[in-house]
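Tertiary structure, described
So the chains spell out like this:
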Amino acid sequence: MAVDPTPPEGIERYGYAQELRRSLTFRDLVVYGLIFMVPIAPFGIFGSVFEGSGGMVALAYAIGMLAMLFTAGSYAQMSRAFPMAGSVYTYAGRGIAAPVGFLSGWMILLDYVLVPALLYLIAGVAMNSLVPDVPVWLWLIAFVVLNTVVNFFGIEMTARINRIMLVAELAVLAVFLVVGLVALAQGKGHGGGGLSPIYNGATFSWGLVFGAVSIAVLSFLGFDGISTLAEENRESARAIGRSMVASLLLVGVLFIVQTWVASLLVTDPDRLVGEGDPDGTAFYDAARVAGGAWLAKLTALATAIAWGFANSLVAQAATSRLLYAMARDRQLPRFLARVHPRRQVPVNATLLVAAVSLGLGLYMEQREDGITLLSSLVNFGAMTAFLVLHVSVVVHYVVRSGSRDWWRHLVAPAIGFGILGYVVVNAKVAAQELGFLWLGIGLVLLVGLLVTHRRPALAGIAEEEDEK
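Read on for a plain summary of the structure. (Residues numbered from 1 in each chain as written. Predicted model: local features only at pLDDT ≥ 70, side-chain atom pairs only at ≥ 80, totals over all residues. Heavy atoms only, no water.)

Details of the nonpolar core
- Tyr61, Met68, Phe176, Phe220, Met383 and Phe386 are the most contacted members of the largest nonpolar core, which totals 149 residues.
- A total of 20 residues in this core trace back to one element, the largest contributor, which is helix H12 (residues 293-328).
- With near-sequence residues (within four places) excluded, Phe220 lies in contact with Met37, Tyr61, Gly64, Met65, Met68, Leu248, Val251, Gly252 and Phe255. (Core = buried A, V, L, I, M, F, W, Y, C linked by side-chain atoms within 4.5 Å. Buried < 20%, exposed > 50% of the residue type's maximum accessible area, 1.4 Å probe, protein only. Helix = DSSP H or I, 4+ residues; strand = E, 2+ residues; numbered from the N terminus. Contact = heavy atoms within 4.5 Å.)

Below is the structure:
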């Protein structure tokens, strides 16, 4: 007899119909999170983190992982309370109030909508460095079309591709680590102490390290995308939170190990700290020291494919689910809530994400600061939304439900809020200005909804209020 894959935490009790296909297991969710974060993500931003941390890259990633674990804990609590798509939008809307959910969803959109464009742009630049005859814009178009086709064929196809790409990324990482460790044993690199990537007394300061954490956190963004698949998870709602924590721990260890080895292979750390890495090749240069030109090219190619295909594939899927959730509640145009009758994917939202990513990517490709600007905006949008997430845990569990689980429902969210608040306050001025401008636009839209008597409301909650 076939077993009904729908978990007991059905979304019907919240006023929604189950439209998306429940087919993902705990393993699929962990793989999804790993792919979204990219196990080899430090390859692309290693030089920036090295400069910002005074060479203590492994320490920056360790602190970044700790900060994100607190956020993952809050996600786990809210995903158990409200096991449905929508991420922070859903959790803040139901945990605090629907208008707060709208603004949180609006801010996380700054992260979700811009991430695919950023990934496509980075991948296009990397591929252009390997094949100069093919322009960046053509690579960008190719990646967008490929990922849109794969996502259109359904979440199962995306999950299968994810597993293949994860194995490939881990294989490249294993090659780098083996060759790198052999090279270090042979005396290659700068010859510094083995602990310098975690602590360097000559450069250490908490301000310096936390400044680098704000850059390193970019590599961890994506674990939260698992929450957007809650309605496609066929196991218990607890699987969402557990998969977030598991993927964060696994990828955090990989980040620390690979940056530790790469840091010791840097031949002139003082120059890298002083002059930075404007061309973004510091990791590939370290790979060249370890194994020669072939390893440098292999790591560059792996970065391009991981960012432009694997990571952007899941980013596009997560973004489309967020748009779908907001449109389903009539807080975005209704056409974005259309689900393909056979593929059971939010088809219009998927196509819109592809179009926006293409347009933004082509525009930013023409700007000298395109990658830097997109990166800072993505970080700012995610961090501000995460702040609201932590507040929603306290409001829902402690204030409304009277929970006395002080650690999970008060202390841990407070610590997570404090760490992320520090990162937001110390963000680049340009990111703060554009981020608050985006928030201002969201406030105007919210006022417009209120004035036109279309106050944001969530299914289930709205019905309860009407009955009162």
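There is more to say, and it comes next.
With respect to the side chain of His396
- Mapping His396 onto the fold places it in helix H14 (residues 370-400).
- Not counting residues up to four positions away in its chain, the partners in contact with His396 are Met78, Ala81, Phe82, Gly95 and Ser401.

Some details on the environment of Gly435
- Following the sequence through the fold, Gly435 ends up in helix H16 (residues 429-451).
- Gly435 sits in the buried class, given a relative accessible area of 0%.
- Along the chain, Gly435 and Ser376 lie 59 residues apart, while their C-alpha atoms are 9.2 Å from each other.

Things to note about the packing of helix H4 (residues 88-95) against helix H5 (residues 98-130)
- Viewed as axis vectors pointing N to C, H4 and H5 meet at an angle of 160°, and their least axial separation amounts to 6 Å. The orientation of H4 with respect to H5, classified from their angle, is roughly antiparallel. When you trace H4 past H5, the crossing you get is right-handed. Residues Val88, Tyr89, Ala92 and Gly93 of H4 form the contact with H5, whose participating residues are Ala98, Val100, Gly101, Phe102, Ser104 and Gly105.
- The residue inventory of the contact of H4 with H5, partitioned by class, reads six nonpolar, four polar and no charged. (Axes fitted to C-alpha atoms, helices over the stretch in contact; angles between N-to-C directions. Parallel < 35°, antiparallel > 145°, perpendicular 65-115°, else oblique. Left-handed = near helix turned anticlockwise from the far one by under 90°. Nonpolar A, V, L, I, M, F, W, Y, C, P; charged D, E, K, R; others polar.)

Focus on a nonpolar patch on the surface
- Taken together, Trp406, Trp407, Leu410, Val411 and Ile415 make up a surface patch of nonpolar side chains, about 450 Å² in accessible area.
- With respect to the helices and strands, the residue Trp406 is situated in helix H15 (residues 406-425). (Patch = residues over 30% accessible without salt bridge, like charges linked within 9 Å, V, L, I, M, F, W, Y side chains within 5 Å. Areas by Shrake-Rupley, 256 points an atom, 1.4 Å probe, with all protein chains shown as cover. Salt bridge = Lys/Arg side-chain N within 4 Å of Asp/Glu carboxyl O.)

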